[in-house]
Amino acid sequence: MRDRSYLLDGLRCSECLNDNTLWLDLAAGLVECRGCGQGALIDPDHEGDAW
Ligand SMILES: [Zn+2]
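Calculation criteria
- All chains use their own residue numbering, which begins from 1 and follows the written sequence.
- Side-chain atom pairs in this predicted model are given and counted only at pLDDT of 80 or more, local residue features only at pLDDT of at least 70, and totals for whole chains, interfaces and linings cover all residues.
- Hydrogens and water are ignored here; the side-chain numbers use all heavy atoms of the structure.
- Secondary structure elements follow DSSP: runs of H or I no shorter than four residues count as helices, runs of E no shorter than two count as strands, and numbering proceeds from the N terminus.
- Only protein chains enter the calculation, and the probe is 1.4 Å; a residue is then buried if its accessible area is under 20% of its type maximum, exposed if over 50%, and partly exposed in between.
- Contacts were defined at the residue level, with two residues in contact if any of their heavy atoms lie within 4.5 Å.
- Using a 1.4 Å probe, accessible areas were evaluated by the Shrake-Rupley method; residue-level cover was limited to the displayed protein chains.
- Strand pairing is assigned whenever DSSP detects at least two bridges linking the two strands.
- For Na, K and Ca the donor cutoff is 3.2 Å, while for all other metals N, O and S atoms count as donors only within 2.8 Å; water does not appear among the atoms, so some sites may look incomplete.

### Here's the deal with the overall build of the protein
Helices and strands together make up the secondary structure of the protein, namely 0 helices and 4 strands. The secondary structure elements of the protein, listed N-terminal to C-terminal, are β-β-β-β. Residues classed as buried in the protein amount to 14% of the 51 residues present. Taking as baseline every contact in the protein between residues at least 6 positions apart, the subset at least 24 positions apart corresponds to 7%. Split by element, the accessible area of the protein, about 4,000 Å² in all, is 47% carbon and sulfur.

### Section: the pairing of strand β3 (residues 30-33)
What you see with β3 is a clean split: Val31 and Cys33 sit on the buried side and Leu30 and Glu32 on the side with no burial. Relative to β3, strand β2 (residues 22-25) runs antiparallel, the two being bridged by 4 bridges. Across the sheet, tryptophan 23 pairs through a bridge with glutamate 32, a residue of β3. Linking β2 to β3, which pair antiparallel, is a turn of 4 residues; within it glycine 29 sits at a positive phi near 70 degrees. Where β3 meets strand β4 (residues 39-41), 3 bridges bridge the pair, whose relative direction is antiparallel. The residue of β4 that forms the bridge with valine 31 is alanine 40. Where β3 folds back on β4, the antiparallel hairpin that results is connected by 5 residues, among which glycine 37 adopts a positive phi of roughly 85 degrees.

### A short note on the coordination of the zinc ion
Protein-derived coordination of the zinc ion comes from Cys13 (SG), Cys16 (SG), Cys33 (SG) and Cys36 (SG), at a distance range of 2.3 Å. Between consecutive donors of the zinc ion, the numbers of intervening residues give the motif C-x2-C-x16-C-x2-C.

### A word on the side chain of threonine 21
Secondary-structure assignment places threonine 21 in the loop between β1 (5-7) and β2. Excluding residues that lie within four positions of it along the chain, threonine 21 makes contacts with Leu7, Cys13, Cys16, Glu32, Cys33, Arg34 and Gly35.

Below, the structure is given as structure tokens:
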């Protein structure tokens, strides 16, 4: 099992504005929206800012 993705419950995508479509991919270290496909690297310095 290499799929280690977790739903970021309660968060809204800044691109498509859908709720609960953001998934955290621990293996790749990024967040991806499964609604619009928007992806973003996790930036610890700005945690809580972009979302
Ligand atoms: Zn989206």
